[in-house]
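# Coordinates in review
As a plain string of letters, each chain reads:
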Amino acid sequence: MSENVLAIEHLEVHYGHHHALRGVSLDVAPGEAVGLIGETGSGKSTLARSVLGLVRPTAGQIRIVGEDVAGHSQRQWRAFRRRGLVQYVFQDPLRSLDPDLTIEQSLIEPLLLRGDSRASALETGRGQLERVNLEPDLLTRVPGELSGGQRQRVAVARALVVQPTLIILDEPVSALDAANRVQILQIIKDLRDGGTALVFISHDLGSVAGVADRVAVLYQGELVETGPTANVLRSPQHPYTRLLLGSVPTLHAPPASRAERQALRAQLVS
Ligand SMILES: Nc1ncnc2c1ncn2[C@@H]1O[C@H](COP(=O)(O)OP(=O)(O)O)[C@@H](O)[C@H]1O
Ligand SMILES: [Mg+2]
């Protein structure tokens with residue numbers, strides 16, 4: 001039995017009196033692609049930020065490749081991040097990329113942090129651009145001189161450059177136009193096929209469906225349903241999941257009517 005890449009147990013995150021995550025448990029096996037879905041405010045980014053050490057859990061366990069990180073100090077997090085096991089892509093590429101660094105500097109940064117020599121980092125970094133369909137003449141530019149789609153592709157290339165064990169993608173295509181969305185989704189699929197474990201976060205089940213082996217549904221800080229993507233799409237168990245499915249027009253199930261969705265909502269909030 002191989003160890004899980006990510007093992008979250010009973011994770012609680014409170015922002016003051018607000019409980020953003022309520023006892024969330026989620027595992028990601030090596031090479032597995034997990035889709036985390038839920039509407040805005042359900043706690044998706046809080047989960048992502050907890051796994052990246054950006055939010056301090058109130059309670060619970062987070063193990064990444066066997067290392068218990070939930071109680072890590074800032075210094076322990078820095079040491080852990082330098083190893084490059086976990087990388088991330090956020091919705092807004094300007095949050096993944098330093099606006100003052102050239103594309104080349106951004107691409108080699110994770111490699112230098114890991115301890116690669118400058119020469120080898122430059123070679124590896126430049127090689128990544130091709131993988132995300134970008135021209136080498138972008139290397140000397142800064143993020144502000146790129147289009148949103150180009151920036152997101154750089155953010156993805158930067159995440160891949162260290163060949164991480166796990167990638168957290170928080171709404172990676174939500175801010176993109178259709179053409180860029182298709183490109184990034186294809187890159188994520190290739191990544192999955194190459195065996196990188198990933199957590200793909202989205203409020204949109206449609207973009208996750210083609211990528212994720214398994215989906216987890218977050219509702220008001222609680223995981224209400226987890227299962228193989230096909231099963232969840234075919235026979236969602238929780239009313240909230242059915243509600244999410246109702247808003248996706250491309251699925252087999254007929255879309256829920258407006259009245260049906262209102263009834264489900266009433267059921268959920270009662
Ligand atoms: N730093 C913060 N301080 C206080 N409340 C926050 C903070 N970040 C998020 N929240 C709240 O926690 C809840 C979950 O937010 P978030 O994890 O960003 O959800 P999602 O990514 O699913 O939209 C929301 O109600 C949000 O307003
Ligand atoms: Mg979010």
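Relevant structure appears above.
First things first, this report covers the structure right here in the doc. Per chain, residues are indexed from 1 in the order of the written sequence. Lettering for chains starts from A, numbering for ligands starts from 1, and both go in the order in which the items are written. Given that the model is predicted, a residue must reach a pLDDT of at least 70 before its local features are reported, and side-chain atom pairs must reach 80 or more before they are shown or counted; all residues, however, enter totals for whole chains, interfaces and linings. Think of the side-chain values as coming from all heavy atoms in the structure, minus any hydrogens and water.

## Structural notes on the overall build of the protein
The secondary structure listing takes helices from DSSP runs of H or I that are at least 4 residues long and strands from runs of E that are at least 2 residues long, numbered from the N terminus. A count of helical and extended segments in the protein gives 11 helices and 10 strands. When we talk radius of gyration, it's over C-alpha atoms, and the globule rule is simply 2.2 Å times the number of residues to the 0.38. A compact globule built from 270 residues should have a C-alpha radius of gyration of about 18 Å, and the protein, at 19 Å, falls within 12% of that. Overall size of the protein, expressed as C-alpha extent along the three principal axes, is 60 × 40 × 40 Å. Think of it in three bands: residues with accessible area under 20% of the maximum for their type are buried, residues over 50% are exposed, and the middle band is partly exposed, with areas taken using a 1.4 Å probe on protein chains only. Sorting the 270 residues of the protein into buried and exposed places 49% on the buried side. Intrachain contacts of the protein at a sequence separation of at least 6 include 64% that bridge at least 24 residues. Side chains of the protein give 28 positive and 29 negative charges; the mean places of these two sets differ by 3 Å. Contacts are assigned to residue pairs with any non-hydrogen atoms lying within 4.5 Å of each other. We treat Lys and Arg as the positive residues and Asp and Glu as the negative residues; His and chain ends play no part in the count. Charge coordinates come from a single atom per side chain, which is NZ of Lys, CZ of Arg, CG of Asp or CD of Glu.

## Some thoughts on helix H1 (residues 44-51)
Within H1, six of the eight residues are buried, which leaves it mostly tucked inside the rest of the structure. Every buried residue belonging to H1 is among Lys44, Thr46, Leu47, Ala48, Ser50 and Val51, and all of these are buried. Where H1 ends, the next residue or the one after it, Gly53, has phi of about 75°, a positive value.

## Regarding the pairing of strand S1 (residues 6-15)
A pair of strands is treated as paired once DSSP finds two or more bridges between them. The sheet contact formed by S1 and strand S2 (residues 18-28) spans seven bridges and is antiparallel. Of the residues in S2, the one forming a bridge with Ile8 is Leu26. Counted along the chain from S1 to the antiparallel partner S2, the turn is two residues long, and its residue Gly16 has a positive phi close to 60°.

## Describing a positive patch on the surface
Only residues whose relative accessible area exceeds 30% and that take part in no salt bridge are eligible for patches, with like-charged residues grouped when within 9 Å of each other and nonpolar side chains (Val, Leu, Ile, Met, Phe, Trp, Tyr) grouped when within 5 Å. Accessible areas in this description were obtained via Shrake-Rupley with a 1.4 Å probe; residue shielding takes into account the shown protein chains only. What makes a salt bridge here is a side-chain nitrogen of Lys or Arg within 4 Å of a carboxyl oxygen of Asp or Glu, nothing more. On the surface, Arg75, Arg78, Arg81 and Arg82 cluster together into a patch of positive charge. Positionally, Arg75 belongs in helix H2 (residues 74-82). When its relative accessible area of 65% is taken as the criterion, Arg75 is described as exposed.

## Quick look at the nonpolar core
What is meant by a nonpolar core is a set of buried Ala, Val, Leu, Ile, Met, Phe, Trp, Tyr and Cys residues, joined one to another through side-chain atoms within 4.5 Å. In terms of nonpolar packing, the biggest core is built from 42 residues, with Val156, Ile167, Ile188, Leu198 and Phe200 touching the most fellow members. Considering each element in turn, this core owes the most residues, six residues, to helix H6 (residues 148-160). An automatic or database domain assignment provides the domain bounds reported here. Each of domain 1 (1-85 + 164-235) and domain 2 (101-162) gives at least three residues to this core. In this view, Ile188 contacts Leu169, Pro172, Leu198, Phe200 and Val211; residues no more than four positions away in its chain are not counted.

## Quick word on helix H7 (residues 178-193)
Within an α-helix, residues lying three or four positions from one another point in the same direction, as the helix has 3.6 residues per turn. For a helix, the expected span equals 1.5 Å multiplied by the residue count minus one. Between its terminal C-alpha atoms H7 stretches 22 Å, which fits the 22 Å expected from 16 residues at 1.5 Å a residue. Where H7 is concerned, the buried positions are Asn180, Ile184, Leu185, Ile187, Ile188, Leu191 and Arg192. Seen along its axis, H7 keeps its buried residues to an arc of 160°; they face one direction. In this structure, H7 carries Ala178, Ala179, Val182 and Asp193 as exposed residues pointing more than 90 degrees from its buried face. Gly195 lies just past H7 and shows a positive phi near 95°. The arc in question is traced by the directions running from the helix axis to the C-beta atoms.

## What to know about the side chain of Asp170
Considering the arrangement of structural elements, one finds Asp170 in strand S7 (residues 166-170). Buried and unpaired, Asp170 has no salt bridge, with Arg49 as the nearest side chain of opposite charge at 5.5 Å. Within 3.5 Å is the distance limit for a polar contact, defined as a pair of N or O atoms, with the added protein rule that one can donate a hydrogen and the other accept it, and that residues adjacent in sequence qualify only through two side-chain atoms. A distance of 2.6 Å separates polar atoms of two side chains, one belonging to Asp170 and the other to Ser45. Aside from chain neighbours lying at most four places away, what touches Asp170 is Ser45, Ala48, Val89, Phe90, Gln91 and Ile201.

## Examining the environment of Gly210
For Gly210, the location among the structural elements is in the loop between helix H8 (205-209) and strand S9 (214-219). Residues within four places of Gly210 in sequence aside, it is in contact with Lys189 and Arg192.

## Side note on the sheet that holds strand S6 (residues 86-90)
Two modes of strand pairing occur in sheets, parallel and antiparallel, and in both the strands are linked by backbone hydrogen bonds. Strand order in the open sheet formed by six strands is S6-S7-S8-S3-S9-S10, and the pairing between neighbours is mixed. Taken across any chain shown, the strands that pair with only one partner, and hence form the sheet edges, are S6 and strand S10 (222-228). When strand polarity is set aside, the average angle formed by the axes of neighbouring strands in this sheet is 15°. Pairing analysis gives five bridges linking strand S3 (residues 33-37) to strand S8 (residues 197-202), with the strands arranged parallel. Paired with Val34 across the bridge in S8 is Val199. For helices, the fitted axis covers only the stretch in contact; all axes are lines through C-alpha atoms, and the angles between them, taken along N-to-C directions, range from 0 to 180 degrees. Each of S6 and S7 touches H6; the most contacted strand, S6, lies at about 175° to it. Relative to S9, helix H10 (residues 239-246) is tilted by about 105°, and along the sheet it contacts S3, S9 and S10.

## Some thoughts on the site of ligand 1
Nearness of a residue to a molecule or strand requires only that one of the residue's heavy atoms be within 4 Å of it. In the neighbourhood of ligand 1, the contacting residues comprise Tyr15, His18, Ala20, Glu39, Thr40, Gly41, Ser42, Gly43, Lys44, Ser45, Thr46 and Arg49. For ligand 1, an oxygen atom lies 2.5 Å from a polar atom in the side chain of Thr46. Surface burial for ligand 1 is 60%, taken as the share of its 560 Å² of free accessible area covered by protein chains. Secondary structure elements with two or more residues in the shell around ligand 1: S2 and H1. Considering every element that reaches the shell around ligand 1, the biggest residue donor is H1, with four residues. Polar here means any residue outside two lists: the nonpolar Ala, Val, Leu, Ile, Met, Phe, Trp, Tyr, Cys and Pro, and the charged Asp, Glu, Lys and Arg; Gly therefore counts as polar. The residue makeup of the shell around ligand 1, split by class, is two nonpolar, seven polar and three charged.

Shape descriptors only; they carry no functional weight alone.
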